Amino acid sequence: MGEGVKIIAVNRRARHDYTIDDSYECGIELLGTEVKSFRDGKISFPDAWAEIINGEIWIRSLRVAENPFSSVFNHDPDRKKRLLLHHEEIKRIKRKVEEKGYTLIPLSFYFKKRRVKLELGLCKGKKAFDKRASIRERDVKRDIEREFRHAR
């Protein structure tokens with residue numbers, strides 16, 4: 001990712017369930033108390049996804065826990081959040097999503113130059129046999145590396 005990047009959370013399940021064709025770095029529009037929760041790592045996004053509404057990309061099912069130190073000015077933990085991308089990128093993504101089988105899945109959240117960033121993946125769902133094949137490839141690769149280490 002580069003220097004000055006602090007990873008908050010990674011969606012490992014997305015890499016297992018989907019093939020990632022393309023990924024985009026985008027900002028996310030947050031409230032002040034949400035940023036505090038991001039700093040504490042109190043987010044949950046196992047089933048999160050993004051959709052395009054009126055030329056804007058919104059992320060759904062991203063739960064940002066309430067901050068216990070901000071009394072009445074707290075945020076709604078389940079509200080949808082707007083993602084910040086260039087207009088050309090949104091048009092390119094919209095064309096891909098309109099094709100059959102593509103969806104937008106958040107892959108990771110991180111801080112970059114004190115701003116919360118999101119890696120958004122343009123993904124296609126894997127079938128069961130694809131998942132088994134990728135697990136088999138990973139196991140074979142692990143065995144080869146183990147044999148190579150023991151041969152030294």
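Above this text is the structure in question.
Residue positions are given per chain, counted from 1 along the sequence in the order it is written. Only residues with pLDDT of 70 or above have their local features reported here, since the model is predicted, and side-chain atom pairs are shown and tallied only from 80 upward, although totals for entire chains, interfaces and linings are computed over all residues. Side-chain numbers come from the whole structure's heavy atoms, not from hydrogens or water.

Draft legend 1. Quick look at the overall build of the protein. To qualify as a helix, a DSSP run of H or I must reach at least 4 residues; to qualify as a strand, a run of E must reach at least 2; elements of each kind are numbered from the N terminus. Per the secondary structure count, the protein includes four helices and nine strands. Starting at the N terminus and ending at the C terminus, the protein contains elements arranged as β-α-β-α-β-β-β-β-β-α-β-β-α. C-alpha extents for the protein along the principal axes are approximately 60 × 40 × 30 Å. For every residue, the accessible area (1.4 Å probe, protein chains only) is compared with the maximum for its type, and the residue is labelled buried under 20%, exposed over 50%, or partly exposed between those bounds. Out of the 152 residues belonging to the protein, those deemed buried represent 32%. In the protein, of all internal contacts separated by at least 6 residues, the share reaching a separation of at least 24 is 68%. In the structure as shown, the protein presents an accessible area of about 10,300 Å², 49% of it carried by carbon and sulfur atoms. Contacts were defined at the residue level, with two residues in contact if any of their heavy atoms lie within 4.5 Å. Computed with the Shrake-Rupley method and a 1.4 Å probe, the accessible areas treat only the protein chains shown as cover for residues.

Draft legend 2. Examining the pattern of salt bridges more closely. Think of a salt bridge as a Lys or Arg side-chain nitrogen and an Asp or Glu carboxyl oxygen that are within 4 Å of each other. Under the criterion given, the structure shown has eleven salt bridges. In this structure, Arg15 engages Glu119 in a salt bridge whose closest nitrogen and oxygen atoms are separated by 4.0 Å. Linking Arg15 in helix H1 (residues 12–17) with Glu119 in strand S9 (residues 115–125), this pair joins segments that are 104 residues apart in sequence. In this structure, Glu29 and Arg82 form a salt bridge, with 2.5 Å as the shortest nitrogen-oxygen distance. Of the two residues, Glu29 is situated in the loop between strand S2 (18–28) and helix H2 (32–40) and Arg82 in strand S7 (residues 81–84); the sequence distance between them amounts to 53 residues. A residue is classified by how much of its surface remains accessible, and Glu29, at 35% relative accessible area, is partly exposed. Salt bridges here are not isolated pairs; linked through shared partners, they connect Arg13, Asp17 and Asp47.

Draft legend 3. How the structure looks around unusual backbone geometry. Notably, Asn54 is not glycine yet its phi reads approximately 55 degrees, a positive angle. With respect to the helices and strands, Asn54 occurs in the loop between strand S4 (49–53) and strand S5 (56–60).

Draft legend 4. Layout of the environment of Asp40. The topology assignment puts Asp40 in helix H2. Taking C-alpha positions, Asp40 is 9.3 Å from Asn67, a pair spaced 27 residues apart along the chain.

Draft legend 5. Representation of the nonpolar core. Core analysis: the largest hydrophobic core is formed by 26 residues, its most contacted members being Ile28, Phe38, Ile57, Leu62, Leu83 and Phe109. At the level of elements, S2, S5, helix H3 (87–98), strand S8 (102–112) and S9 are the ones that each hand at least two residues to this core. Ignoring sequence-local partners within four residues, the contact set of Ile28 consists of Ile59, Leu62, Lys81, Arg82, Leu83, Leu84, Phe109 and Val116. Remark: nonpolar core denotes a set of buried residues (Ala, Val, Leu, Ile, Met, Phe, Trp, Tyr, Cys) joined through side-chain atoms within 4.5 Å.

Draft legend 6. Local environment of the side chain of Lys81. With respect to the secondary-structure elements, Lys81 resides in strand S7. Beyond its immediate chain neighbours, meaning those up to four positions away, Lys81 contacts Ile28, Glu29, Leu30, Glu34, Ile57, Trp58, Ile59, Leu62 and Val64.

Draft legend 7. Layout of the environment of Ala128. With respect to the helices, strands and loops of the structure, Ala128 is situated in helix H4 (residues 128–151). On the basis of relative accessibility, which here comes to 48%, the residue Ala128 falls in the partly exposed class. For Ala128 and Cys26, which are 102 residues apart along the polypeptide, the C-alpha to C-alpha distance reads 30 Å.

Draft legend 8. Seen up close, the environment of Leu30. Tracing the chain through its elements places Leu30 in the loop between S2 and H2. In this structure the C-alpha to C-alpha distance between Leu30 and Asn11, which are 19 residues apart in sequence, comes to 20 Å. Apart from the residues lying within four places of it in its own chain, the contact partners of Leu30 are Val35, Phe38, Arg79, Lys81 and Val116.

No statement about biological role is implied by the geometric values presented.
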